[in-house]
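# Descriptive structure summary
These are the residues of each chain, in order.
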Amino acid sequence: MSNFIIRKVAVLGAGVMGAQIAAHCANAEVPVLLFDLAAGEGDANGIARRAIDGLKKLEPSPLATADRVQYIEAANYDQHIGKLADCDLIIEAIAEKLEWKLDLYHKVAPYIRVDAIFATNTSGLSINKLAEGCPPSLRPRFCGVHFFNPPRYMSLVELIPCHGTDAALLDQLETFLTTTLGKSVVRALDTPNFVANRVGVFSMLAVMHHTQRLGLGFDEADALTGPLIGRPKSATYRTADVVGLDTLAHVIKTMRDHLPDDPWAKYYAMPDWLAALIAKGALGQKTKAGIYRKEGKQIKVLDLALRDYRDSGAEVDDEITAILKQRNPADRFAQLRASAHPQAQFLWSIFRDVFHYVAVHLNHIAHNARDVDFAMRWGFGWSQGPFETWQAAGWKAIAEAVRDDVHAGRAMSEAPMPVWVFNVDGVHAPQGSYDSRSGVLQGRSKLPVYERQLFPERVFGELANPLQELGRTVWENDEVRMWTLDDDNGKHVPVLSFKSKMCAVGPVVLDGIIEAVHRAESDYAGLVIWQPTAPFSVGANLKQIRPVLEAGDFAALEKIVARFQEMSQTIKYSQVPVIAAVQGMALGGGCEIVMHSTRAVCALESYIGLVEVGVGLIPAGGGCKEFAVRTAEMAARTATNDPMLWLQNIWQSIAMGNVAKSAKHAKEMALLRDHDIVILNPHELLHVARKTALGIAAAGYRPRLPPAGVAVAGRGGIATLEMMLVNMREGGMISAHDYRVSKAVATALCGGDVEGGTLVSEKWLLDIERSLFVDLLRTEETQARLIHMLETGKALRN
C-alpha cells in the first residue's frame, strides 16, 4: 500500500459531525460524498442537502470559504451506494448506536473497494465490536478515526485500530490526517471513550461532584475552571451546553455501561439536575437553553437552590486569584490544598482527583503519558495536560499529597495510588514519556510525516532546557532575532522571528527586518519570517507611537511611517526570496509584510486583514500602494482596463476593517495572491516555507522590476467610492470622521487627485498614503481612537 493517495472521501451520516467532517475535507481540497438516508418525500437527497445548506449558517464557520460546499456532493444509500467504489476513504459518522452502525456496515461493505480505508468516527464504542460487523476481508482496513467538534478548529483526531487493522494502513491514514487535514493524531487504545473523552468527561464529572459538595454555583465553578487554570473560556458547564447535554449524557452512559468495575464507576452517572434538563428538552446551546440561557442581553444560569435561572456573573475570590497568579506551580498547589476557602478546596479537589484517575488508568487508556497530555490539550483545549501539570508542580510532592488524601477518604475513589508513581521522578523526559505497562519511556513517532514538523509541540519536561533558543543566532536586536537551523550549517535560509509582544511592529522591528533582508542578500539563499507561536503580527506597535503622538512630533511620526514603507519595499525588492510563514493574526502592518513578501505560506487558520480604520487611520506601510499596483495589473489584462472592477470590493474591505476568516478567504479578498500557499497543519509551516524559499532560489530568483507606471483610477474612482459614503452618512450608518477616513482610503487606492488612467510611480502612491496617514493622525478624533484602543482594547466610534 505504498504511496496510497486519498483522492475522494465518503462520509456516512449527515449529522452535525458528519457534515462538518465533510466540510473540512473540502477545506483541504478533497472532494466528498455526504451520505444519509433517502428522504421520505421530495428530493431523495433532501436530508444530506439540508445538512450541506446548514453548514453555511454555522458560526464559527466550518467552511474555509463559502464555495467549499460545491465540493460536497449529497447522496443517499438507496440511489448512490455504488458511488462508494469511487472513494479511497469512507468515514462512518451516524448516531452512536451499535446496532445501527452494524446494520449500515452490512449494507455498505460490498461496495467498498479492496484498497479503500473504512473508518468510524465513534466517540467511544468498541472498535473491535464494530469490526465484527465487517466482513473478514474488510477488517484489516477498518479502524476508528475520532474527530473532535468542531472538526475544522479542534486539532485532535484519535486513531484507534481493531485487532486486525493493517499497520501500514494506519501509518498512511495518520499521514493523511496530519498533513492533508492538518490534524494532531493520538493513537488510542480500544477502551470506552478512548483517551480524551475518558479523561475529559471524568474531569467534568469531578467538577460537577465537587460543585455540589462545596455548594458552589455553576457560574462560580466556570469562573474557576476557565482561563485562570489554563482551560478554555467555556470552562466546564458552558462547554457542556456547547457540546449538548444529551451528547454529554451519552458519553457518560458509555462509561457507565462499559466500566462497571471501574473504581470511579459510581460517579459515571448523570446528576439529577442534568437528567431533568434533558427530559424537558433544555439541551444547551442548540436549544437556546441548558445550564445557561440568554434572556435579552443577560446571561442567566440555573440555580439549583432556587430551582430557576438567575443572573450569572459569579467571581473568583481575590485570595484565590492571588494564589493562581503565583508563578511557581508547586506553591500554587500547596496553598490551594492548605486553604480552607471553598474555592481553593474545589480547585485542589478537581486537580487531585484527575491526577489520581490518570495515574490509576494510564496503563488502560493510553500508550504513554504524552498521549494523555496531548489528547487533553488538543481535544479539550487545556494549556497543559494532567501529567505535565502534575510534573511541573513537583512530582513527588503531588504524588504524596494525592496518596494522603486517598488514605484519608477525601478523594473520590479509594483506589490506591499505583506503585509506579513512587518509582519515578516524572513521566516526561527528553528520551520520551512513561508507559506504565512496560515501565519504560516511549519516544515520539518515527513516521516520516513528522520530519516536516521542525519544532513540534512539546510537553513539559520533554526539553532538557526549555529556555534554550531555537537554532543558532546569526544576528539580533532588542525586538527581532535572525537565526539558522543546524541542518543547513547556516548556508541556506535563515529565519527571522520577532520578540516584541504579540509580534507588534515598531521602529526597532522595522530596523531589524531591513537589516535581516540585507544580511540574507549578502550571505544566504533566502529569508523566512516566522513566529514560533501565533500571531504572525498584530501590526503597528501603538504603545511605542503614543509618546511621539502625545508630544505632537508629527515630523517624527512621518519618519516612522516612511521607515515602514522602506521596510515593505525592501522585502518586495529583495534580491533573495523573502517568505512570510503565517499562522494566526496578520493584521495591519503584519498584513503589509505578508503582501510584500515574495511568497506567503499560510496555515489555513490565518486571519489576515488591513484594520487600520479601527483607530481612524489608513494602511500606510505600502498596503494601499500594493492594491493600486495589483488592480492596475489585473485591469491591464482585461478589455475594459478598469481597475474599479476590483477596487470597489477592496476599498469596502479596508473601510470596514474586514479580516479574512481563513487563509483561503484571504485569497478571495485579494490579501493573498494566487501563488501564495495555504497548508492545513501549522506545525509544518517552517518546513514548507524553507523548502519554498530554496525552490524559488534554485530557479534563479530575481525580484520583479518596479512598474514603469501604474495606471490609477484617479479622481473618477474616488468620486465613485465617495458616492457610497454619502449614502451611508445620510443614512446615519457612519460618522463624519468615518467618512473622512474612508475617503482617505479611497484616495490612496485611486492614486490621488489625478485623471483616471494617469501613470504614476510606486513612490507617488507611497507618498499619498503616508501624507493621508499623518493628516489623520493630526485629528482629535483619530487620536481619541488610538488612545481608546490602547487603554481598552476596543474600537471607539466617534
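To keep things clear, this report deals only with the structure shown in the data block. Just so you know, the residues in each chain are numbered from 1, in the order the chain's sequence is written. Reporting of local features is limited, given that this is a predicted model, to residues whose pLDDT is at least 70; pairs of side-chain atoms are given and counted only at 80 or more, and all residues count toward the totals for whole chains, interfaces and linings. The side-chain quantities take in all heavy atoms of the structure and omit both hydrogens and water.

## Let's talk about helix H15 (residues 369–380)
- Going along the chain from the N terminus, every DSSP run of H or I of four or more residues is numbered as a helix, and every run of E of two or more is numbered as a strand. Between the first and last residue of a helix there are one fewer steps than residues, each counted as 1.5 Å, and that sum is the expected span. Its twelve residues give H15 an end-to-end C-alpha distance of 16 Å, which sits within 8% of 16 Å, the value for a rise of 1.5 Å per residue.
- Buried means the residue's accessible area, taken with a 1.4 Å probe over protein chains only, is under 20% of the maximum for its type, while exposed means over 50%, and partly exposed covers the values in between. Burial within H15 is extensive, with twelve of its twelve residues counted as buried.
- Here H15 has its buried residues at Ala369, Arg370, Asp371, Val372, Asp373, Phe374, Ala375, Met376, Arg377, Trp378, Gly379 and Phe380.
- In the segment just after H15, Gly381 is the residue with positive phi, at about 75°.

## Notes on the layout of surface pockets
- Considering only enclosed or pocket space, the second largest pocket measures out at about 1100 Å³ in volume.
- Lining residues are those with an atom within 4 Å of a point, where the points come from a 1 Å grid over the protein atoms alone and group into cavities, where a 1.4 Å probe fits but cannot get out, or pockets, open sets with protein on both sides within 12 Å along at least five of seven lines. What lines the second largest pocket is a set of 43 residues, among which Val538, Gly539, Ala540, Asn541 and Leu542 lie closest to the centre.
- When residues of the lining of the second largest pocket are traced back to their parent elements, those giving at least two are helix H18 (507–523), helix H19 (542–550), helix H20 (554–572), strand E19 (578–587), helix H21 (589–596), helix H28 (762–777) and helix H29 (780–792).
- Broken down by element, the lining of the second largest pocket gets its largest block of residues, four residues, from H20.
- Note that Gly is not counted as nonpolar here; it falls among the polar residues with everything else outside the nonpolar set of Ala, Val, Leu, Ile, Met, Phe, Trp, Tyr, Cys and Pro and the charged set of Asp, Glu, Lys and Arg. Of the residues that constitute the lining of the second largest pocket, the class distribution is 29 nonpolar, ten polar and four charged. Grid points are joined across faces, edges and corners, and a volume is the space filled by probe spheres set on the points.

## Overview of the environment of Gly379
- Examined against the element boundaries, Gly379 turns out to sit in helix H15.
- It is 9.5 Å that separates the C-alpha atoms of Gly379 and Val195, two residues lying 184 residues apart in sequence.
- For Gly379, the contacting residues outside a window of four places in its chain are Phe148, Met154, Leu156 and Phe374. Here, two residues are considered to be in contact whenever any of their heavy atoms come within 4.5 Å of each other.

## A closer look at helix H22 (residues 623–636)
- For H22, which comprises 14 residues, the first-to-last C-alpha distance of 20 Å matches the rise-based estimate of 20 Å (1.5 Å per residue) to within 8%.
- With respect to burial, H22 is a largely interior element, eleven of its 14 residues being buried.
- Inspection of H22 places Gly623, Cys624, Lys625, Glu626, Phe627, Ala628, Val629, Arg630, Thr631, Ala632 and Ala635 among the buried residues, and these make up the whole buried set.

## What to know about the nonpolar core
- Throughout this description, the term nonpolar core refers to a set of buried Ala, Val, Leu, Ile, Met, Phe, Trp, Tyr and Cys residues connected via side-chain atoms within 4.5 Å. Within the largest apolar cluster, 116 residues are counted, with the highest numbers of intra-cluster contacts made by Phe118, Phe387, Trp390 and Trp420.
- The contacts of Trp420, once residues within four sequence positions are left out, are Ala359, Leu362, Phe387, Trp395, Val427, Tyr434 and Ser436.
- Judged by nonpolar contacts, the second largest core, of 78 residues, contains Ala520, Phe536, Phe627 and Leu776.

## Side note on the packing of aromatic side chains
- Note on aromatic contacts: the rings of Phe and Tyr and the six-membered ring of Trp form a pair at centre separations within 6.5 Å, being stacked when their planes are under 30 degrees apart, edge-to-face when over 60 apart, and tilted otherwise. For the structure shown, the criterion picks out 23 aromatic pairs.
- Among the aromatic residues, those joined into a cluster by ring pairs are Phe333, Trp348, Phe351, Phe355, Phe387, Trp390, Trp395, Trp420 and Tyr434.
- Criterion for a charge above a ring: Arg CZ or Lys NZ at most 6 Å from the ring centre, at most 35 degrees from the ring normal. For Lys97, the ring lying beneath its charged end belongs to Trp100, and the centroid distance is 5.5 Å.
- Over the face of the ring belonging to Tyr739 we find Arg729, whose NZ or CZ atom lies 4.2 Å from the ring centre.

## Brief notes about a negative patch on the surface
- Exposure above 30% relative accessible area and the absence of a salt bridge qualify a residue for a patch, where like charges join within 9 Å and nonpolar side chains (Val, Leu, Ile, Met, Phe, Trp, Tyr) within 5 Å. Every accessible area reported is derived by Shrake-Rupley at a probe size of 1.4 Å, with residue values counting cover from the shown protein chains alone. The term salt bridge refers to a pairing of a side-chain nitrogen on Lys or Arg with a carboxyl oxygen on Asp or Glu at a separation within 4 Å. His is not counted here, nor are the chain ends, while Lys and Arg score as positive and Asp and Glu score as negative. A charge is said to be at NZ when it belongs to Lys, at CZ for Arg, at CG for Asp and at CD for Glu. On the surface, Glu315, Asp317, Asp318 and Glu319 cluster together into a negatively charged patch.
- Relative to the assigned elements, Glu315 resides in the loop between strand E11 (308–311) and helix H12 (318–324).

## Overview of the pattern of salt bridges
- Summed over the entire model, instances satisfying the criterion amount to 55 salt bridges.
- For the salt bridge of Lys664 with Glu29, the shortest nitrogen-to-oxygen distance reads 2.7 Å. On the criterion of sequence distance, the pair formed by Lys664 in helix H24 (residues 663–668) and Glu29 in the loop between helix H1 (16–27) and strand E2 (32–36) is long-range, its members being 635 residues apart.
- Taking the relative accessible area as the measure of exposure, Lys664 reaches 14% and is therefore buried.
- On the accessibility criterion, Glu29 (47% relative accessible area) is partly exposed.
- The partner of Arg377 in a salt bridge is Glu457, and the shortest N-O contact between them spans 2.7 Å.

## Concerning unusual backbone geometry
- Looking along the chain, the bond that leaves Glu59 and enters Pro60 is cis, with omega of -5°.
- Residue position: Pro60 is located in the loop between helix H2 (46–55) and strand E3 (72–76).
- Cis geometry is adopted by the peptide bond preceding Pro535, which originates at Ala534 and carries an omega value of 10°.
- Note on placement: Pro535 falls in the loop between strand E18 (527–530) and H19.

## Points about the sheet that holds strand E13 (residues 432–435)
- At least two bridges found by DSSP between two strands are what make those strands a pair. Read across the open sheet, the three strands follow the order E12-E13-E14; overall the sheet is antiparallel. Two strands bound the open sheet, and with one partner strand each, they are strand E12 (428–429) and strand E14 (440–442).
- As paired elements, E12 and E13 share two bridges and run antiparallel to each other. The residue of E13 that forms the bridge with Ala429 is Gly432.
- For helices, the fitted axis covers only the stretch in contact; all axes are lines through C-alpha atoms, and the angles between them, taken along N-to-C directions, range from 0 to 180 degrees. Strands in contact with H15 are E12, E13 and E14; relative to E13, the strand with the most contacts, it is inclined by about 105°.

So, to be careful, I would describe these as geometric facts and stop short of saying anything about function.
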